[in-house]
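# Chains, contacts and geometry: an overview
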Amino acid sequence: MLLILPMSAFALAASISPGPVNLVCLSSGTRYPLRQGLWFVSGATLGFVALFLAIGLGLHSALTWIPGFDRLLTWAGIAFLLYLSYRLAIDDGKISGRALGNAPGFWTGAIMQWLNPKAWFASASGIGAYTSGGDLTQLAIFSSLYLPICWLSLSTWVFAGRFLRQYVQRPRVLRTVNRVLAALLLASCLYLILGQEAVLAVGHTGQG
């Protein structure tokens, strides 16, 4: 029980800190009705908790046997982020029925977490720091804390976008906001690419 407070603090810090999923939540809040943004949040939350439990039950250790899995995951995540940033960059800033049909939904949120290296790192580091290997009770407590904290944290970004929407009603302003968010997603890609290159460089140095 003494771990509940530090577990909660870790879950809050990992969930509310800026990342690709948070940026999509912010964009959804500025662009689409609140219910659609929260539907994306629900998918992202459940997708993350499912990933968290899978890693806690040994998925990450099992996948280390697959050569290049970490690199494959990173590049798949980069490709997905590039697609999302492209969608934001070409958006015309006009809110219409057709645009609403393109809103990221439940399954987009769930899949995005499984392709999000930040989610894998947060899960693995949190489980390693706050649970004993194979302790199902601790894993169940941690995941039950993560569920509401993650949902509320991501929802905060949607509500922030909703608040911002009051000031970006004009298509020209909304286009600018979307392109800034697209640039931030591209920056996330660059960060992942540089991290991947750093890992490869360390590997080559170790081999030499």
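Residues numbered from 1 in each chain as written. Predicted model: local features only at pLDDT ≥ 70, side-chain atom pairs only at ≥ 80, totals over all residues. Heavy atoms only, no water.

### Details of the overall build of the protein chain
- Scanning the protein chain from N- to C-terminus turns up ten helices and zero strands.
- Counting from the amino terminus, the protein chain carries its helices and strands in the arrangement α-α-α-α-α-α-α-α-α-α.
- In the protein chain, once contacts between residues fewer than 6 apart in sequence are set aside, the share between residues at least 24 apart is 89%.
- Only carbon and sulfur atoms are counted for the fraction: they give 70% of the accessible area of the protein chain, which is about 11,200 Å². (Helix = DSSP H or I, 4+ residues; strand = E, 2+ residues; numbered from the N terminus. Contact = heavy atoms within 4.5 Å. Areas by Shrake-Rupley, 256 points an atom, 1.4 Å probe, with all protein chains shown as cover.)

### Re the confidence of the model for the protein chain
- Summarising the model, the protein chain shows a mean pLDDT of 80, and 81% of its residues fall at 70 or more.
- In the model of the protein chain, helix H6 (residues 97-100) stands out as the element of lowest mean pLDDT, 52, in contrast to helix H3 (residues 34-56), which has the highest, 94.
- Scored below 50 in pLDDT, residues 198-208 makes one contact in the model with residues more than four places away or belonging to other chains. (pLDDT = per-residue confidence, 0-100.)

### Digging into the nonpolar core
- One finds Val21, Cys25, Phe52, Met112, Tyr146 and Leu154 to be the most contacted residues of the largest nonpolar core, which totals 41 residues.
- Where this core is concerned, the elements lending two or more residues are helix H1 (4-16), helix H2 (20-31), H3, helix H5 (69-89), helix H8 (117-130), helix H9 (136-165) and helix H10 (171-207).
- Filtering out sequence-adjacent residues up to four positions away, cysteine 25 remains in contact with Phe40, Val41, Leu154, Trp157 and Val158. (Core = buried A, V, L, I, M, F, W, Y, C linked by side-chain atoms within 4.5 Å. Buried < 20%, exposed > 50% of the residue type's maximum accessible area, 1.4 Å probe, protein only.)

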